[in-house]
Amino acid sequence: MGSTDFSWKLADHPKLPKGKTLAIVVLDGWGEANPDKYNCIHTANTPTMDSLKTGAPEKWRLVRAHGKAVGLPTEDDMGNSEVGHNALGAGRIYAQGAKLVDFALASGKIYEGEAFKYIKESFDKGTLHLIGLLSDGGVHSRIDQLQLLLKGAAEHGAKRIRVHILTDGRDVLDGSSVGFVETLEKDLANLREKGIDAQIASGGGRMYVTMDRYENDWDVVKRGWDAQVLGEAPHKFQNAVEAVKTLRSNPKANDQYLPPFVIVDESGKAIGPIVDGDAVVTTNFRADRMVMLAKALEYEDFDKFDRVHFPKIRYAGMLQYDGELKLPSHYLVSPPEIERTSGEYLVKNGIRTFACSETVKFGHVTFFWNGNRSGYFDSTKEEYVEIPSDVGITFNVQPKMKALEIGEKARDVILSGKFDQVRVNIPNSDMVGHTGDIQATTVACEAADLAVKMIIDAIEQVGGIYVITADHGNAEDMVKRNKSGQPLLDKEGNVQILTSHTLQPVPIAIGGPGLGPGVRFRKDVPNGGLANVAATFINLHGFEAPNDYETTLIEVVDN
Ligand SMILES: O=C(O)[C@H](O)COP(=O)(O)O
Ligand SMILES: [Mn+2]
Ligand SMILES: [Mn+2]
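What this report covers is the structure whose coordinates are included nearby. Note that this is a predicted model, so its numbers are computed, not measured. (Residues numbered from 1 in each chain as written. Chains lettered and ligands numbered in written order. Predicted model: local features only at pLDDT ≥ 70, side-chain atom pairs only at ≥ 80, totals over all residues. Heavy atoms only, no water.)

For the rest of this paragraph, the subject is the overall build of the protein chain. Counting its regular elements, the protein chain contains 17 helices and 17 strands. For a compact globule of 559 residues, the expected C-alpha radius of gyration is about 24 Å, and the protein chain comes in at 24 Å, within 12% of that figure. The principal-axis extents of the C-alpha atoms in the protein chain amount to approximately 80 × 60 × 40 Å. Counting only residues that meet the buried cut, the protein chain has 60% of its 559 residues in that class. Restricting the contact set of the protein chain to residue pairs at least 6 apart, pairs at least 24 apart contribute 80%. Split by element, the accessible area of the protein chain, about 21,600 Å² in all, is 49% carbon and sulfur. (Helix = DSSP H or I, 4+ residues; strand = E, 2+ residues; numbered from the N terminus. Rg over C-alpha atoms; globule rule 2.2 N^0.38 Å. Buried < 20%, exposed > 50% of the residue type's maximum accessible area, 1.4 Å probe, protein only. Contact = heavy atoms within 4.5 Å. Areas by Shrake-Rupley, 256 points an atom, 1.4 Å probe, with all protein chains shown as cover.)

Around the manganese ion (ligand 2), the protein contributes the donor atoms Asp28 (OD), Ser81 (OG), Asp471 (OD) and His472 (NE2), which lie 1.9 to 2.1 Å from the metal centre. Read N to C, the donor residues that coordinate the manganese ion (ligand 2) are spaced as D-x52-S-x389-D-H. In this structure, the manganese ion (ligand 2) is positioned 4.3 Å from the manganese ion (ligand 3). Within this pair, whereas aspartate 28 is found in the loop between strand 1 (22-27) and helix 1 (40-43), its partner aspartate 471 is found in the loop between strand 14 (465-470) and strand 15 (506-511), the two being separated by 443 residues in sequence. Neither residue differs from the other here; aspartate 28 and aspartate 471 are each classed as buried. (Donors = N, O, S within 2.8 Å, 3.2 Å for Na, K, Ca; no water.)

Right, let's talk about the pattern of salt bridges for a bit. Throughout the structure, instances matching the rule amount to 36 salt bridges. The shortest N-O distance in the salt bridge between glutamate 121 and arginine 314 comes to 3.6 Å. With glutamate 121 in the loop between helix 5 (114-120) and strand 3 (128-134) and arginine 314 in strand 9 (residues 314-319), the pair connects residues that are 193 residues apart, well separated along the chain. Lysine 151 is the partner of glutamate 155 in a salt bridge, and the nearest nitrogen-oxygen pair spans 3.4 Å. Within this pair, glutamate 155 and its partner lysine 151 are both found in helix 6 (residues 143-155), separated by four residues, close to a single helical turn. Classification of glutamate 155 as exposed rests on a relative accessible area of 57%. For lysine 151, a relative accessible area of 47% translates into the label partly exposed. Residues joined in a network through salt bridges with shared partners are Arg92, Glu339, Arg340 and Asp548. (Salt bridge = Lys/Arg side-chain N within 4 Å of Asp/Glu carboxyl O.)

Contacts to ligand 1 come from 17 residues, most closely from Ser81, His140, Asp171, Arg286 and Arg289. A distance of 2.8 Å separates an oxygen atom of ligand 1 from a polar atom in the side chain of arginine 170. Within the side chain of arginine 289, an N or O atom sits 2.7 Å from an oxygen atom of ligand 1. Bound to the protein, ligand 1 loses 100% of the 310 Å² it would expose on its own. For the shell around ligand 1, a count of residues per class yields one nonpolar, seven polar and nine charged. (Near = heavy atom within 4 Å. Polar contact = N/O pair within 3.5 Å; in protein donor to acceptor, adjacent residues only side chain to side chain. Nonpolar A, V, L, I, M, F, W, Y, C, P; charged D, E, K, R; others polar.)

Moving on: unusual backbone geometry. Residue leucine 327 is joined to proline 328 through a cis peptide bond whose omega torsion reads -10°. Mapping proline 328 onto the fold places it in the loop between strand 9 and strand 10 (331-333). A positive phi angle is found at valine 308, which is not glycine, with a value near 65°. By the element assignment, valine 308 lies in the loop between helix 10 (291-298) and strand 9. Despite not being glycine, lysine 326 shows a phi value in the positive range, around 55°. Tracing the sequence through the fold places lysine 326 in the loop between strand 9 and strand 10.

Here it is as structure tokens:
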């Protein structure tokens, strides 16, 4: 569109009225799958979500939430919160970080950019450190990208490389960490044969070391800092495979929560602390769980924990993680330019917007929803409320999380009449689903269902409209399956628990007294995905969607 004829003004919808309070609920990790005992949404008592599905067939449907529908490289890529909320908020499908990094590595462009040239200045005298999640999950990072970057960095002059690994078990099976470390060790051994001093220097489980998000618990980042930068950790090993195997042998241990360790030489000295003159790359492409470390690595003024030592390094992110904060200032690959999101359009068309979740998902309905931007578009028309999450626990011990508090907050705000759009993320089915605890996940889904009921009841009272959907699957399938759908067993004959997201579609339901009698889902968008939702709710606010948005899911028929 030419810059001169661009306008933020949205056209009036020819049939749909303005002024209805709209609740948008994103159930995190709530997909649709065959009912069996490993489908916690099925086993849970969820009368509200059930009634939406069975009560009004023209107002309930499934939408795609994985693979190409959300800008991921292949149809084998499960959905995730970042790409899901980006699509929901932006109404268009963007090539996402995973894909952009693939392109940059395949074309070699990654080595021609400003950031690579910048870190390269350290290669003569300093060490190149790579810090990131080690798995093939494809949600935050991918090991094949790390392998290519290692090879490319060596070819472009890196002589001493240290890798700081974060074990996964959340986007991939628990226990798979050992295999990934072995794969990486082989690559590093190959580099050593070529005369490059390349080794793993430290490690730890992603949820306990480094990868916190939305500033829920800085201790997580500090534990990583101590190991990666200071070379200090409670556990010391001479070999990373041995480290992971030994730490996992504790019956309570799992990949997500492995304690931090450093690799030491024969004299017990850490082999890879980060020191003045070194280069550092954080290899995750996804932002939320790298922003905190990026702040610690980049900000001169920093008071979140005592860094003890703040080395003078050249730091680059795989991507820029926060477009508003411009953090980090150097990045190997440019992030997707997600602009003109629904949030910005609607606020500029007078829609007063409220968004809320608890800490662990707060950025999902704000930062991701708004195209990876922190902050308000217009603070006079928007309010974002974060309900503090519990800290230092795995959510299977507290499966209700803050669902009811989020529901109450949304209810109060809806009843206040101060906002036109009230948007929440209810985290339970995702956060508890990631623990692999089937019983607790069932309780989690029940709590989420209750929160939905509170919001729907409030919408009934004010004559509003609700849109209930999800960002990707998780709790609806808690086991790894073979191609014919049978649960897979491990060596001991136990079912293999699936802690990750799924490839399943997610439901979307519309309703409420403010929804005109002729509004229903169209039948001619059978492959609709999350990116079609924005045009849908823009319509429900009484506007036509911008014409480059993915098409709306609804139509208005004359009764
Ligand atoms: O970061 C996480 O918790 C998982 O890797 C993905 O979950 P999310 O995409 O639902 O946040
Ligand atoms: Mn999610
Ligand atoms: Mn998740």
